[in-house]
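Observations on the three-dimensional arrangement
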Amino acid sequence: MIIYTQATSEQSLLIQLNGHLDAESNLVLKRKLQDISQQPYECWVVDLAKVDFLDSAGMGALINGLHLAKTHQVRFVLQNPHPSVKMVLEIARLDELFEIWDEAAGATPGVTPNFDPVLLQAA
């Protein structure tokens, strides 16, 4: 799992994930979100366009992120989920829990994924 982050404004942080979000990588995301929670952002946008696999542990990491965001009064948004990930979210009915922005549906909020990455690799 590779995680790229970029502040898109003073209030928003784009978190772009690349790879599988599963039992092996979920702790990396949890640690990164814990670190981010100490920063003064009002919105975390988690881009899932390059996440091609999501299992129950990965779903747990996203739910944990949502709860962490709510604890810090931060908006937590999933953006552009890969079709296979979107299907998993829908089957698990997590699309009802999360705010999801989908570029294909025309709901992208003008956040660009072109940026210099800060990499965090799974051990």
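Further up the page is the structure itself.
Residues numbered from 1 in each chain as written. Predicted model: local features only at pLDDT ≥ 70, side-chain atom pairs only at ≥ 80, totals over all residues. Heavy atoms only, no water.

Within the structure shown, the criterion is met by two aromatic pairs. Both rings, one in Trp44 and one in Phe76, keep their centres 6.3 Å apart while their planes meet at 75 degrees; by these two values the pair is edge-to-face. Of the two residues, Trp44 sits in strand S3 (residues 43-54) while Phe76 sits in strand S4 (residues 75-79), which places them 32 residues apart along the sequence. The same class applies to Trp44 as to Phe76, namely buried. Taken together, a centroid distance of 6.0 Å and an interplanar angle of 40 degrees make the contact between Phe76 and Phe98 tilted. Taken together, the residues span a long stretch of sequence, with Phe76 in strand S4 and Phe98 in the loop between helix H3 (83-91) and strand S5 (99-101) at a distance of 22 residues. Across the pair, exposure class does not vary: Phe76 and Phe98 are buried alike. (Phe/Tyr/Trp six-rings, centres within 6.5 Å; stacked < 30°, edge-to-face > 60°. Helix = DSSP H or I, 4+ residues; strand = E, 2+ residues; numbered from the N terminus. Buried < 20%, exposed > 50% of the residue type's maximum accessible area, 1.4 Å probe, protein only.)

If you trace the five strands from one edge of the open sheet to the other, you get S1-S2-S3-S4-S5, paired in mixed fashion. On the outer flanks of this sheet lie strand S1 (2-7) and S5, each paired with one strand and no other. Put simply, the sheet's adjacent strands are angled 25 degrees from each other on average, direction ignored. Across the face of the sheet, H3 comes into contact with S3, S4 and S5 while running at roughly 105 degrees to S3. (Pairing = 2+ DSSP bridges. Axes fitted to C-alpha atoms, helices over the stretch in contact; angles between N-to-C directions. Contact = heavy atoms within 4.5 Å.)

Time to look at the nonpolar core. Core analysis: the biggest nonpolar cluster contains 29 residues, and Ile15, Leu17, Trp44, Leu62 and Phe76 have the highest contact counts within it. With six residues, helix H2 (residues 56-71) is the single largest residue contributor to this core. Leave out the neighbours within four places in its chain, and Trp44 touches Leu13, Ile15, Leu33, Ile36, Ser37, Gly65, Leu68, Ala69, Val74, Arg75, Phe76 and Val77. Counting five residues, the second largest nonpolar core, distinct from the first, contains Leu14, Val45, Val77 and Trp101. (Core = buried A, V, L, I, M, F, W, Y, C linked by side-chain atoms within 4.5 Å.)

To continue, consider helix H1 (residues 26-36). All of the buried residues along H1 are Asn26, Val28, Leu29, Lys32, Leu33 and Ile36. End-on view of H1: buried residues confined to an arc of 155 degrees, all on one side of the axis. Its buried side turned inward, H1 meets S1, strand S2 (12-21), S3, H2 and S4. (Arc of directions from axis to C-beta.)

All right, on to the pairing of S4 then. A large share of S4 lies buried, amounting to four of its five residues. In terms of strand pairing, S3 meets S4 through five bridges, oriented parallel. Opposite Cys43, over in S4, you have Arg75 as the bridge partner. What joins S3 to S4 is H2, and the crossover it makes is right-handed. When S4 meets S5, the two strands line up parallel, connected through three bridges. For Val77, the partnering residue across the bridge sits in S5 and is Glu99. (Right-handed = clockwise from strand over helix to strand, strands pointing away.)

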